Amino acid sequence: MLRAVARYIPQSFADALSAVRPDPPIDVALAQRQHAAYCMALARTGAAVTVMSADERCPDCVFIEDTAIVIAGTALITRPGAPSRRAETAPVATLLDAWCEIIPMTEPATLDGGDVLVLGKTIYVARSGRTNDEGIAWLERVFGRHRLVRVDLPPGILHLKCVCSPLGDRILLADASLEASLFDAHVVRVPVEETYAANVVTIGDHVIVAEGFPCTLEAITTAGFQVHPVPISEVRKADGSLTCQSLVF
Ligand code: CIR
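Here's a quick rundown of the structure. (Residues numbered from 1 in each chain as written. Predicted model: local features only at pLDDT ≥ 70, side-chain atom pairs only at ≥ 80, totals over all residues. Heavy atoms only, no water.)

Secondary structure assignment for the protein chain yields five helices and 15 strands. Compactness check: the protein chain gives a C-alpha radius of gyration of 17 Å against a globular reference of 18 Å for 249 residues, within 12% of the reference. For the protein chain, the spread of C-alpha atoms along the three principal axes comes to 45 × 40 × 40 Å. Here the protein chain holds 249 residues, and the buried ones make up 53% of them. A fraction of 66% describes how many contacts in the protein chain between residues 6 or more apart in sequence connect residues 24 or more apart. Summed over all atoms, the accessible surface of the protein chain reaches about 11,000 Å², with 53% contributed by carbon and sulfur. (Helix = DSSP H or I, 4+ residues; strand = E, 2+ residues; numbered from the N terminus. Rg over C-alpha atoms; globule rule 2.2 N^0.38 Å. Buried < 20%, exposed > 50% of the residue type's maximum accessible area, 1.4 Å probe, protein only. Contact = heavy atoms within 4.5 Å. Areas by Shrake-Rupley, 256 points an atom, 1.4 Å probe, with all protein chains shown as cover.)

Here it is, written out as structure tokens:
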């Protein structure tokens, strides 16, 4: 059975990192209700869901994807690119230790899980404002049995998975900016006006999608998946989306 680990939203989420100051500001109570809907959707996929407690000192702690890369029983604990996020990793490592071998990344490496996308036996990774070459070298060292492919990030994009995400092991959901030939996968395109919806969580035949993107929803349904739309306005104000709110392994 697949396991999904999420983390509650703290009151300090109002101060989460964002490229543009949100206007109107983040409504933390609404964000928490939306997070509950997200966790319910995870449960509806059949995954065993664990939700970690929030840490008020870490406004961005809900974005747990960035703190670890978990593949086949090994968890590479990242060193997040934003210094304000580094304290998020220790409790995640403590929890994952129950299920995985833990390998902590060390200085000067930085890597955010949002820059790492796994399709079957291939790991795609982007160097970004958060992920450096040393971080990518850690991936290569720890997951040496996988093929590693570097992807250039379109300008102005925070993370690789802002523009694409896996629909299972052989299909990639991607927006128009991404060069599809790099990927050993069938590519399902998200229309330009729905770029934000290129980030989805796929668990088996179930796909959690952002509410309000009808063309993407239809494309994923047509590809044979059962879709679970969830509200996400508040997490979006903090530059987050769907994969970033869980670790699935
Ligand atoms: C940050 O800037 O780090 C957070 N506010 C958003 C992180 C989103 N993470 C992701 O998409 N993997």
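Applying the stated criterion to the full structure yields nine salt bridges. Among the ionic pairs, Arg-85 bridges to Glu-88, the shortest N-O distance being 2.8 Å. Taking the shortest distance from any N to any O, the salt bridge between Arg-150 and Asp-133 comes out at 3.2 Å. Of this pair, Arg-150 sits in strand β8 (residues 147-151) while Asp-133 sits in helix α3 (residues 133-142); the two residues are 17 residues apart in sequence, bridging distant segments of the chain. According to the relative accessible area criterion, Arg-150 is partly exposed, its value standing at 45%. Each member of the salt-bridge network shares a partner with another, and the members are Asp-66, Arg-85 and Glu-88. (Salt bridge = Lys/Arg side-chain N within 4 Å of Asp/Glu carboxyl O.)

Here we come to unusual backbone geometry. Negative phi characterises most residues that are not glycine, and trans characterises most peptide bonds. With an omega of 5 degrees, the peptide bond running from Asp-23 to Pro-24 counts as cis. Residues Glu-107 and Pro-108 are joined by a peptide bond in cis, for which omega reads 0 degrees. Along the chain, Pro-108 falls in the loop between β5 (101-104) and β6 (116-119). Unusually for a residue other than glycine, Ala-72 sits at a positive phi of about 45 degrees. Of note, the phi angle at Asp-239 is positive, near 65 degrees, even though the residue is not glycine. Here Asp-239 is to be found in the loop between α5 (233-237) and β15 (247-248).

Along the chain, the position of Gly-212 falls in the loop between β13 (206-210) and α4 (214-222). Spatially, the C-alpha atoms of Gly-212 and Ala-197 are 8.8 Å apart, while their sequence positions differ by 15 residues.

Below, the discussion takes up the site of the ligand. The immediate surroundings of the ligand are formed by Leu-17, Asp-60, Phe-63, Glu-65, Asp-66, Arg-85, Gly-114, Arg-130, His-159, Ala-238, Asp-239 and Cys-244. At 2.8 Å from a nitrogen atom of the ligand is found a side-chain nitrogen or oxygen belonging to Glu-65. A distance of 2.8 Å separates a nitrogen atom of the ligand from a polar side-chain atom of Asp-66. Contact with the protein chains removes 98% of the 350 Å² of surface that the ligand exposes when unbound. (Near = heavy atom within 4 Å. Polar contact = N/O pair within 3.5 Å; in protein donor to acceptor, adjacent residues only side chain to side chain.)

This part is about the nonpolar core. Among the nonpolar cores identified, the biggest contains 28 residues, and Phe-13, Leu-42, Ile-208 and Leu-242 are the most heavily contacted of them. Listed by contribution, the elements that provide at least two residues to this core are β1 (3-7), α1 (28-44), β12 (201-203) and β13. Ranked by residues supplied to this core, first place goes to α1 with six residues. By size, the runner-up hydrophobic cluster in this structure holds 14 residues, among which are Leu-117, Leu-119, Tyr-124 and Val-163. (Core = buried A, V, L, I, M, F, W, Y, C linked by side-chain atoms within 4.5 Å.)

With the rule as written, the count across this model stands at four aromatic pairs. A ring pair is formed by Tyr-124 and Phe-183, whose centres lie 4.5 Å apart and whose planes are at 35 degrees; its orientation type is tilted. Placement of the pair is Tyr-124 in strand β7 (residues 122-126) and Phe-183 in the loop between β10 (171-174) and β11 (186-189), with a sequence separation of 59 residues. Among the residues examined, Tyr-124 registers a relative accessible area of 0% and is labelled buried. Look at Tyr-196 and Phe-213: their rings are 6.0 Å apart centre to centre, the planes differ by 45 degrees, and that puts the pair in the tilted class. With Tyr-196 in the loop between β11 and β12 and Phe-213 in the loop between β13 and α4, this residue pair connects regions lying 17 residues apart in the sequence. Classification of Tyr-196 as buried rests on a relative accessible area of 15%. (Phe/Tyr/Trp six-rings, centres within 6.5 Å; stacked < 30°, edge-to-face > 60°.)

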